Amino acid sequence: QVQLVESGGGLVQAGGSLNLSCAASGRTFSTYVMGWFRQAPGEEREFVASVSRSGGSTFYSTSVRGRFTISRDNAKNTVYLQMNTLKPEDTAVYYCAASKAVTYIASTTRAYDSWGQGTQVTVSS
């Protein structure tokens, strides 16, 4: 398994931007599909975005497509989530996760083997 640590969360006004980072330990980062999920209070953990091992292919939930961008830097063992035009409904704890799935279109929590501890994102109206 890979160890994951998220950072970059915080409080932002609606319409603002945040860039989350997730640093991974170990030398096998490039062998994992990486994803971002989020969980609001009282809600199920939901898929946000995923990126292929090379970083060349990405997949988004309909709620964030066009506003969020996932990317990765395998040389730095880091995956990013650039979040623009934030809305109050984006408020949640955001988690990064690593998967050995065959496809980068991995949108279920059970597809992922390792999880970070999460970082809080709060969007005020």
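The model shown is predicted, which means the values in this text are computed figures rather than measured ones. (Residues numbered from 1 in each chain as written. Predicted model: local features only at pLDDT ≥ 70, side-chain atom pairs only at ≥ 80, totals over all residues. Heavy atoms only, no water.)

Caption draft 1: Examining the packing of aromatic side chains more closely. Under the criterion given, the structure shown has five aromatic pairs. Relative to F47, the ring of F37 has its centre 5.6 Å away and its plane inclined at 75°; by these criteria the two rings are edge-to-face. Of this pair, F37 sits in strand β4 (residues 33–39) while F47 sits in strand β5 (residues 46–51); the two residues are 10 residues apart in sequence, bridging distant segments of the chain. F37 sits in the buried class, given a relative accessible area of 0%. The class of F47 is buried, set by a relative accessible area of 10%. Ring geometry for Y112 versus W115: centroids 6.0 Å apart, planes at 55°, classification tilted. (Phe/Tyr/Trp six-rings, centres within 6.5 Å; stacked < 30°, edge-to-face > 60°. Helix = DSSP H or I, 4+ residues; strand = E, 2+ residues; numbered from the N terminus. Buried < 20%, exposed > 50% of the residue type's maximum accessible area, 1.4 Å probe, protein only.)

Caption draft 2: How the structure looks around the nonpolar core. Counting residues in each nonpolar core, the largest one holds 28 residues, and the members touching the most others are W36, V79, L81, M83 and Y94. Where this core is concerned, the elements lending two or more residues are β3 (18–24), β4, β5, β7 (68–73), β8 (78–83), β9 (92–99) and β11 (119–124). Beyond its immediate stretch of four places on either side in the chain, L81 contacts L18, N19, L20, W36, V48, A49, F68, T69, I70 and Y94. (Core = buried A, V, L, I, M, F, W, Y, C linked by side-chain atoms within 4.5 Å. Contact = heavy atoms within 4.5 Å.)

Caption draft 3: Just the pairing of β11, in detail. Of the two faces of β11, only one is covered, namely that formed by T119, V121 and V123; the face formed by Q120, T122 and S124 stays uncovered. Judged from the four bridges that link them, strand β2 (residues 10–13) and β11 form a sheet pairing that is parallel. Residue pairing across strands places Q13 opposite S124, the latter belonging to β11. Bridge analysis of β9 against β11 gives three bridges, and the strand direction is antiparallel. Directly across from A92, in β11, lies its bridge partner V121. (Pairing = 2+ DSSP bridges.)

Function cannot be read off these values alone, since they describe shape.
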